[in-house]
Amino acid sequence: MNLLNTLVDKGLRRETPTREEALAVLVTSDDDVLDVVAAAGRVRRHWFGRRVKLNYLVNLKSGLCPEDCSYCSQRLGSDTGILKYSWLKPEEASKAAAAGLAGGAKRVCLVASGRGPTDRDVERVAGTIAAIKERHEDVEVCACLGLLSEGQAERLRAAGADAYNHNLNTSEATYGDITTTHTYADRVDTVRKAHAAGLSACSGLIAGMGESDEDLVDVVFALRALDPDSVPVNFLIPVEGTPLAAEWNLTPQRCLRILAMVRFVCPDVEVRIAGGREVHLRTLQPLALHLANSIFLGDYLTTEGQAGRADLEMIADAGFEVEGADEVTLPAHRAAAGGGCGAHEGAGACGSHGDGGACGSHRGEGAGCGTEAGGAGCGGHAGAAGSTAAESAAESAAESAAAGADAARTDAARTDAVRTDAARTDAARTDAARTDLVAVRRRGAGTDLAPNA
């Protein structure tokens, strides 16, 4: 198609497509979806090769949020049955981070529910960052704490944070339909504060909330204007007990078209598949790796994801490779311009400079990070910090990496009926949505208590 040839040429030159071209990607037919993936894949490989960055979430504070974000399982007054607890201790958060890093993650994202941090909260997070970096000197840390007040981004930067995640989620025109306790402008302001403080900005969207194609294009163009280093794309996980529980609007093909559109509009930016990939992409997940160069390892904040070992096997089977800690994530021109987390002097890794180490990112909840697609969080990944499920996902990933060929021959499917059914089913249309794939996380540290109880 002439459209795809034009978009590839523009992507290789870092030129912005027109709105009409971006919209046209979203209305291509299912018959053409492989052509769309192939075209956007050329752009992805040009800037990022066949590397896939792994990211890991540590949930510092779950639930207890005063915001009313319709997509979020942690919203004010929600009745979702999720685990709720206050702040993890630094040593608990560090232990949880270690599990993810052992599985191959390059970035740890520290997520906390709520409207935004108090100054005391920033001090807490600073202590957690210090505890993590004491054990893992080169790890990149991304904070996802909600709306920032003046000076807080600078304090996080001074404490050792490399990046900050805060998603726009949807278009400005429809933002009031999903949240009333803060504004779209508030979110834009926080992303700009992070940028100004020298933090690598991570900001993305949630698809599947009933938005139009125009809304999707609007928010992606707005993200391009803000110029974040990474753009997480979340697919709404409709959790029972939230206002959007009945919004099953996505098919695997629709998700692929959305990811392709994001890649064409943001060709040289880290595009991350965040919450909801297992639920909505299902057996087509490997195709999405041709579009995005980053994923979250294991579970999400309040919903279950794919087993860590299965993630690693999927990457290998699709012909991709896990990005190493010593590899530069962003293209040279962005790294040279100071893009990416490790670009500033004395920064921890991220790969934005020649000797960079780790990198990655994730998502939040409530007003917090807003990249939660129904219980995920800052950018799209693993469950409650310190929880058995979160650690077991990372441990199984590490086991897989160590086992090598033996692990590749292992059946990575979960033994529970949810995962077995998901593996056997064909890509369902929206009139037969697989609601049984949504598994809410309710336990922590192998007990019914919060991990810091």
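Higher on the page you've got the structure.
Residue indices begin from 1 for each chain and proceed along its sequence in written order. Restriction of local features to residues with pLDDT of at least 70 applies here, the model being predicted, together with a cutoff of 80 or more for giving and counting side-chain atom pairs; totals for whole chains, interfaces and linings are based on all residues. Side-chain numbers here rest on the full set of heavy atoms in the structure, without hydrogens or water.

J.: Looking at this model, I keep getting lost on the overall build of the protein chain. Mind explaining?
T.: In DSSP terms, a helix is any run of H or I states spanning at least four residues, a strand is any run of E spanning at least two, and both are numbered starting from the N terminus. When its secondary structure is counted, the protein chain shows 17 helices and ten strands. Contacts are assigned to residue pairs that have any heavy atoms within 4.5 Å of one another. Pairs at least 24 residues apart make up 78% of the contacts formed inside the protein chain by residues separated by at least 6 positions. Accessible areas in this description were obtained via Shrake-Rupley with a 1.4 Å probe; residue shielding takes into account the shown protein chains only. As presented, the protein chain carries roughly 15,300 Å² of accessible surface, and 48% of it is formed by carbon and sulfur atoms.

J.: Can you walk me through unusual backbone geometry in this structure?
T.: Backbone geometry follows two general trends: most residues other than glycine have a negative phi, and most peptide bonds adopt the trans configuration. Of note in this structure, Leu64 is not a glycine but carries a positive phi near 60°. Here the phi dihedral of Arg282 falls at roughly 50°; this positive angle occurs in a residue that is not glycine. Structurally, Arg282 is set in the loop between helix 11 (277-280) and helix 12 (285-288). Of the residues examined, Arg282 reaches a relative accessible area of 7% and is grouped as buried. Per-residue accessibility, obtained with a 1.4 Å probe over protein chains only, is compared with the maximum for each type, and a residue is labelled buried under 20%, exposed over 50%, and partly exposed between these values.

J.: Whenever I open this one, the environment of Gln306 confuses me. Can you help?
T.: Along the chain, Gln306 turns up in the loop between strand 9 (294-296) and helix 13 (308-317). Through-space distance from the C-alpha of Gln306 to that of Glu278 is 6.5 Å; in sequence the pair is 28 residues apart. A distance of 3.0 Å separates the side chain of Gln306 from the side chain of Gln285, its partner in a polar contact. Whenever two N or O atoms come within 3.5 Å, that pair is a polar contact, provided that in protein one can donate a hydrogen and the other can accept it, and provided that, for residues adjacent in sequence, both atoms are side-chain atoms.

J.: Please clarify how helix 4 (residues 90-102) should be interpreted in this entry.
T.: In a helix, the anticipated span is given by 1.5 Å times the number of residues less one. Helix length check: helix 4, at 13 residues, gives a terminal C-alpha distance of 18 Å against a target of 18 Å (1.5 Å per residue), a fit within 8%. Every buried residue belonging to helix 4 is among Glu92, Ala93, Ser94, Ala96, Ala97, Ala98, Ala99, Gly100 and Leu101, and all of these are buried. At the exit of helix 4 stands Gly104, carrying a positive phi of roughly 110°.

All quantities given are derived from atomic positions and should not be read as evidence of function.
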